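Residues per chain are reported as follows:
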Amino acid sequence: MEIYYVLDASAFINGFKLISKNNFTVPEITAEIKDFKSKLYFDSVLEDGTLIIKDVSSEYINCVNDIISESGDILRLSLVDKKLISLAYMFNEEGKEVKVISDDYTIQNSLRIMGIPYSGVMTEGIKGIYNWKKICQGCKREYGEDYPFEDCEVCGSRLFKKRIKVDKLGLVLLFMVQTLSIPDML
Ligand SMILES: [Zn+2]
């Protein structure tokens, strides 16, 4: 069965690359993606139809509220977070195989309570983002491999691709940064 991916803002901000056709998010996410690079990618996948914005009815939001109301996490979930979880819940109720992509610990915890599969980006993203970078031939500005253009956004020169080595220590450090940042969200 094809997996229905539900993505939150952190998925885009942390560089998740869409790998299948069925990718969904809620309308409010648009306002949460502010940095230039993530916004470019978000807009491009929206435009080519790989990402679909879907609203979710209050019926499902109420169900989600009921299910997770006994956990302390409900207080930390924003309305956008709840809508995102509700969208995943809706797909789940419709019998679809769903997976939420989010690095938000509170969202992950709520999904765990509800028995809905999820995955963070940071560990998967290491493969996709840090293996390559694009460097401007003119001003030497660096871009991630997911930067969709071949020209520099600042000076207009052509970019060239450069492979970056991610060694084991680098992976461990990235993992530590990710792990250590979790208490800040609590
Ligand atoms: Zn440049």
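Residues numbered from 1 in each chain as written. Predicted model: local features only at pLDDT ≥ 70, side-chain atom pairs only at ≥ 80, totals over all residues.

(A) Main features of the overall build of the protein. A count of helices and strands for the protein gives 7 helices and 8 strands. When the 186 residues of the protein are sorted by exposure, 29% land in the buried category. Nonlocal contacts in the protein, meaning residues at least 24 apart in sequence, comprise 59% of its contacts between residues at least 6 apart. (Helix = DSSP H or I, 4+ residues; strand = E, 2+ residues; numbered from the N terminus. Buried ≥ 20, exposed ≤ 12 C-beta atoms within 10 Å, placed from the backbone. Contact = placed C-beta atoms within 7 Å.)

(B) Structural view of the environment of Thr 106. Examined against the element boundaries, Thr 106 turns out to sit in helix α5 (residues 105–114). You can call Thr 106 buried: it has 21 C-beta atoms within 10 Å. Sequence-wise, Thr 106 and Ser 78 are 28 residues apart; in three dimensions their C-alpha atoms are separated by 9.9 Å.

(C) Here's a closer look at the nonpolar core. Residues Val 6, Phe 12, Leu 87 and Ala 88 are the most contacted members of the largest nonpolar core, which totals 32 residues. Broken down by element, the residue count for this core peaks at 7 residues, all from helix α4 (residues 79–93). (Core = buried A, V, L, I, M, F, W, Y, C linked by C-beta atoms within 7 Å.)

(D) Quick peek at the packing of α4 against α5. Interhelical geometry of α4 versus α5 gives an angle of 35 degrees and a closest axis separation of 11 Å. In the packing of α4 onto α5, the handedness of the crossing is right-handed. Contacts between α4 and α5 involve Asp 81, Leu 84, Ile 85, Ala 88 and Tyr 89 from the former and Thr 106, Ile 107, Ser 110, Leu 111 and Met 114 from the latter. Of the residues assigned to the contact of α4 with α5, the class counts are 7 nonpolar, 2 polar and 1 charged. (Axes fitted to C-alpha atoms, helices over the stretch in contact; angles between N-to-C directions. Left-handed = near helix turned anticlockwise from the far one by under 90°. Nonpolar A, V, L, I, M, F, W, Y, C, P; charged D, E, K, R; others polar.)

(E) Representation of the sheet that holds strand β3 (residues 51–53) in the model. Pairing is parallel across the open sheet formed by 5 strands, whose spatial order is β3-β2-β1-β4-β5. Every interior strand has two partners, whereas the edge strands, β3 and β5 (118–119), have only one. Bridging between strand β1 (residues 3–7) and strand β2 (residues 23–25) involves 2 bridges; their strand directions are parallel. Looking at β2, one finds that Tyr 5 is bridged to Asn 23. (Pairing = 2+ DSSP bridges.)

(F) Examining α5 more closely. Within α5, the full set of buried residues consists of Thr 106, Ile 107, Ser 110 and Leu 111. Buried positions in α5, seen along its axis, are confined to an arc of 135 degrees and lie on one side of it. Once α5 ends, the next one or two residues include Gly 115, with phi positive near 75 degrees. (Arc of directions from axis to C-beta.)

(G) Quick look at the confidence of the model for the protein. Summing up the model confidence of the protein, the mean pLDDT is 83 and the portion of residues at 70 or higher is 80%. When the criterion is pLDDT under 50, residues 124–130 qualifies, and its contacts beyond four places in sequence or with other chains add up to 15 contacts. (pLDDT = per-residue confidence, 0-100.)

(H) Seen up close, the pairing of strand β4 (residues 97–101). Relative to β4, β1 runs parallel, the two being bridged by 5 bridges. Across the sheet, the residue bridging to Ile 3 is Glu 97, located in β4. In this structure, β4 lies alongside β5, joined through 2 bridges in parallel fashion. Across the sheet, Val 100 pairs through a bridge with Tyr 118, a residue of β5. Crossover handedness for the path β4 to α5 to β5: right-handed. (Right-handed = clockwise from strand over helix to strand, strands pointing away.)

(I) Seen up close, α4. The end-to-end C-alpha distance of α4, which contains 15 residues, comes to 20 Å, matching closely the 21 Å that a straight helix rising 1.5 Å per residue would cover. Burial analysis of α4 places 12 of its 15 residues in the buried class, the great majority of the element. Three or more residues of α4 are buried, namely Asp 81, Lys 82, Lys 83, Leu 84, Ile 85, Ser 86, Leu 87, Ala 88, Tyr 89, Met 90, Phe 91 and Asn 92. In this structure, the buried side of α4 is in contact with β1, β2, α3 (58–68), β4 and α5. Directly beyond the C-terminal end of α4, a positive phi value near 85 degrees is found at Gly 95. (Expected span 1.5 Å × (residues − 1).)

(J) Looking closely at unusual backbone geometry. Unusually for a residue other than glycine, Lys 140 sits at a positive phi of about 65 degrees. Residue position: Lys 140 is located in the loop between β6 (132–136) and β7 (142–144).

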